[in-house]
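Geometric and topological summary
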Amino acid sequence: MSETGPFKYKFCQRLGTNHLDLADYFDIQQSDRDRWETGRECWGILQWLEQRDQVDRLQEALEVIQRDDLIHLIQNFSSSHPLDQFFEVPPPPTAIQNSDPDEIIDFFRGYSESWTAVQSNIALPRRVKEQNGAYFGLTQLVEKLLADSTVKFLKVFGAGGSGKTTFARMLALALANHVASPTVLLRNLEQEQTPKNELKNLARKLSQENKKLFLLYDNPIRSTQVREILTLVRELGKINNTMVIVLEREDEWLAAYQQEGGRSQRGEKNYVLEEQLNNQEIEQLCHTVTRLQSTVLANSKGILGEDRHIDDFRQSLIVSKKDVLLVAMYEATTGEKIEETILNEFEGIPHADAQELYEFICGLTSYSLRFPYDLARVLYKQSLLKEIQTKYLAGIVRHRGGLLFPRHNTIAEILWRERNSDEETEIHTLLAYLISIQHGHGNRIGIELGEFSQQIFQLLTTNSKLQSISFSSLSQIVDALATVTEYDSTATALLYAQAGQYFQQQGERKEAISQYEKGIQKAPSPSLYTMLSGVLLQQGDVPQAIELLREG
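The paragraphs below set out a description of the structure included in this document. (Residues numbered from 1 in each chain as written. Predicted model: local features only at pLDDT ≥ 70, side-chain atom pairs only at ≥ 80, totals over all residues. Heavy atoms only, no water.)

**Observations concerning the overall build of the protein**
Scanning the protein from N- to C-terminus turns up 28 helices and 11 strands. Compactness check: the protein gives a C-alpha radius of gyration of 26 Å against a globular reference of 24 Å for 552 residues, within 12% of the reference. Each of the three principal axes of the protein carries a C-alpha extent, and together these read 80 × 55 × 55 Å. For the protein, with 552 residues in total, the buried portion stands at 53%. (Helix = DSSP H or I, 4+ residues; strand = E, 2+ residues; numbered from the N terminus. Rg over C-alpha atoms; globule rule 2.2 N^0.38 Å. Buried < 20%, exposed > 50% of the residue type's maximum accessible area, 1.4 Å probe, protein only.)

**Structural notes on the side chain of Ser316**
On the secondary structure map, Ser316 appears in helix H15 (residues 310–319). Accessibility expressed as a relative area gives 17% for Ser316, which makes it buried. Those residues in contact with Ser316 that sit more than four places away from it in its chain are Arg308, Glu331 and Ala332. (Contact = heavy atoms within 4.5 Å.)

**Quick word on the sheet that holds strand E4 (residues 153–157)**
Judged by pairing direction, the sheet is mixed, and its 8 strands sit side by side in the order E1-E5-E6-E7-E4-E8-E2-E3 without closing on themselves. Edge strands, defined here as strands with exactly one partner in the open sheet, are strand E1 (87–88) and strand E3 (135–137). As paired strands, strand E5 (residues 183–187) and strand E6 (residues 213–218) are joined by 4 bridges and run parallel to one another. Within E6, the position partnered with Leu185 by the bridge is Leu215. Against the sheet, helix H9 (residues 138–147) engages strand E2 (127–130), E3, E4, E6, strand E7 (242–248) and strand E8 (268–273), with an angle of about 100° to E3. Of the strands in this sheet, E1, E5, E6 and E7 touch helix H11 (residues 196–208), which is tilted by about 140° from E6. (Pairing = 2+ DSSP bridges. Axes fitted to C-alpha atoms, helices over the stretch in contact; angles between N-to-C directions.)

**Re the environment of Thr183**
On the secondary structure map, Thr183 appears in strand E5. Linking Thr183 and Leu213, residues 30 residues apart in sequence, is a C-alpha distance of 4.9 Å. Non-local contacts of Thr183, meaning those with residues more than four positions away in its chain, are made with Leu206, Lys212, Leu213 and Phe214.

**Structural notes on the pattern of salt bridges**
In this structure the tally under the stated criterion is 24 salt bridges. A salt bridge links Glu252 to Arg249, with the nearest nitrogen and oxygen atoms 3.8 Å apart. The class of Glu252 is buried, set by a relative accessible area of 18%. A network of salt bridges, in which partner residues are shared, links Arg249, Asp251, Glu252 and Glu413. (Salt bridge = Lys/Arg side-chain N within 4 Å of Asp/Glu carboxyl O.)

**Considering helix H13 (residues 250–259)**
Those residues of H13 not exposed but buried are Glu252, Trp253, Ala256 and Tyr257. Projected down its long axis, H13 shows its buried positions confined to an angular sector of 125°, all on one face. Where the residues of H13 are buried, they touch E4, helix H12 (223–236), E7 and E8. Taken from the residues just after H13, Gly261 is the one with a positive phi, measuring 70°. (Arc of directions from axis to C-beta.)

**With respect to the sheet that holds strand E11 (residues 403–406)**
Spatially, the 3 strands line up as an open sheet ordered E9-E11-E10, and their pairing is antiparallel. Sheet topology places strand E9 (371–372) and strand E10 (397–400) at the edges, where each strand pairs with a single neighbour. Where E9 lies against E11, 2 bridges are found, and the strand directions are antiparallel. In the strand pairing of E11, Pro372 is matched with Leu403.

**So, the nonpolar core**
Core analysis: the biggest nonpolar cluster contains 78 residues, and Leu357, Tyr358, Phe360, Phe371, Ile456 and Leu460 have the highest contact counts within it. In this structure Phe371 touches Leu357, Phe360, Ile361, Leu364, Ala376, Leu379, Leu403 and Leu404, once residues within four positions along its chain are discounted. (Core = buried A, V, L, I, M, F, W, Y, C linked by side-chain atoms within 4.5 Å.)

**A short note on the layout of surface pockets**
Computed from the structure, the second largest pocket encloses a volume of approximately 1,500 Å³. Lining the second largest pocket are 48 residues, and of these Ile221, Tyr367, Ser368, Leu369 and Gln455 lie nearest its centre. Elements with a minimum of two residues in the lining of the second largest pocket: H12, H13, helix H19 (373–379), helix H21 (409–419) and helix H23 (450–462). With 7 residues, the top contributor of residues to the lining of the second largest pocket is H23. (1 Å grid on protein atoms, 1.4 Å probe; cavity = no way out; pocket = protein on both sides within 12 Å on 5 of 7 lines; lining within 4 Å. Points joined across faces, edges and corners; volume = space filled by probe spheres on them.)

**Here we look at empty space enclosed by the protein**
Overall, the coordinates contain 4 cavities of 30 Å³ or more when judged by the stated rule. Taken as a whole, the largest cavity holds about 120 Å³ of empty space. In terms of lining residues, the largest cavity is bounded by 14 residues, among which Arg67, Asp69, Glu103, Thr116 and Gln119 are the most central. When its residues are assigned to classes, the lining of the largest cavity shows 2 nonpolar, 7 polar and 5 charged. (Nonpolar A, V, L, I, M, F, W, Y, C, P; charged D, E, K, R; others polar.)

**Details of unusual backbone geometry**
Positive phi, close to 60°, is recorded for Gln66, a residue that is not glycine. Positionally, Gln66 belongs in the loop between helix H5 (58–64) and helix H6 (68–76). In this structure, Asn210 is a non-glycine residue whose phi angle is positive, near 60°. Among the structural elements, Asn210 can be located in the loop between H11 and E6. Among the residues examined, Asn210 registers a relative accessible area of 63% and is labelled exposed.

**Section: the pairing of E10**
Residues Val397 and His399 point to one face of E10 and are all buried, whereas Arg398 and Arg400, pointing to the other face, are not buried. Sheet topology note: the E10/E11 ladder contains 4 bridges and is antiparallel. The residue of E11 that forms the bridge with Arg398 is Phe405.

**A word on the state of the cysteines**
Chemically, a disulfide is nothing more than a covalent bond linking the sulfur atoms of two cysteines. One pass over the structure, following the stated rule, counts 1 disulfide. Each sulfur of the disulfide joining Cys12 and Cys42 lies 2.2 Å from the other. Handedness here is read from the sign of the S-S torsion; for Cys12 and Cys42, about -75°, the answer is left-handed. You can see Cys12 sitting in helix H1 (residues 5–15) and its partner Cys42 sitting in helix H4 (residues 41–51), a full 30 residues away along the chain. Using a relative accessible area of 7% as the deciding quantity, one classes Cys42 as buried. (Disulfide = S-S within 2.5 Å.)

**Observations regarding the packing of aromatic side chains**
Tallying each qualifying case throughout the model produces 12 aromatic pairs. A ring pair is formed by Phe107 and Phe108, whose centres lie 5.3 Å apart and whose planes are at 80°; its orientation type is edge-to-face. For Phe108, a relative accessible area of 1% translates into the label buried. Seen from their ring centres, Phe360 and Phe371 are 5.2 Å apart, and the 85° between their planes marks the pair as edge-to-face. (Phe/Tyr/Trp six-rings, centres within 6.5 Å; stacked < 30°, edge-to-face > 60°.)

By themselves these figures say nothing about function.
Shown next as structure tokens:
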């Protein structure tokens, strides 16, 4: 199994908290478990089995813990297909009795990204609204997408916390289980760009068989991901029976779309995910909660908070119809205002470094940036970082694909907003965190933060909210970022070149010269010599410019 990375990714993504059951079944000692990184326990179990040549016992263990869906995954997985690591195939439906109660509870609190609620058919049916004002339920939308051959690119927009990720999985599962048997692939956005030729070959093959191919992208915020989507829409649009579906916040998509030079094309269609629940949906949700509370969750803490009755839940949803769904559901289940709960949780983290890391992650998330795990490795020694992950931020921050994630982007945005109530405070906090990078106590060897540094500089120089940042503060941040790219001369040179060009454009010639000179000192490259000599020529220092060109 050591060569089947795509299998391990899919298996561990679906296993969830059942890794505890597997570890108990195999009687894995606590000393072995302590070596596993938080969020990577499943990978640790698979490695433990491989080292003892006991991988063949995995299916018997899954039978005991009643995870038939994972047995199905093992039996049907083939590691030879080049698309496996880039796309996820929707899992088969499963009975609610086989679900982890904690995952069900987390789902209703807005914390879970597992397939549990969708697979077991307890997720709330949602509606989307077309541009002409017509509404479609999930079943109607599926039939429409299968019947309409003119739509090549579908966008479903929704606010943060409106349930886009859940809806993406509901749509993927409903399409995959339709009698028409289309091929449905959900993009694994933690992997780099997908092999386009393989996708085109698959699309042509399915088109010849008169079957449809649906490619779903949930929350593709990186520029490379948007670029990939636009390329696929253009190239797959020439093949019959193919459709690319994107679920994203409209403002974030439009900003990335325009940055990549996107243009509207024939065959595009937009929908909006309905945020508010109507009375019928509220009653259906109350019925589902009541059923779960009395059956699957009868012996657990339950979906509703202590002393919380279903009537309170119903009334809270009715009152909060204007709230985004995640907020409405959280407050309905707990009976507390979400801002107060999130702040209390933050203030209850019993370690200052853990608090700072969590707030830093939330801050970058609020600006649509991902927090690289390598950045945490720079900030903290490995022993402290492991303690922060396993003790202080367990269940609050997730580690996946080399990135650290808050439980939900909307929760991160609420905490960041509550902690930084005005724009001046917010900017000051963000700058303080970014400048502090240079004082990190962790390891810088083997760190890859070049792309992150470029993203930060682009954010600081293009985001309208951050336009008031002084040139001196920006220069400080560039120096701080350069300390984490010091072992990557190409990234360091590019960072200082980017900074120098920006200051030139702003008419700050002296600061531009300073950036180029620091770049040459730390990571000399021909382009930096050329840029610096160009500035010197502009101010009439011809001898120095010529000398620099000779050196470079």
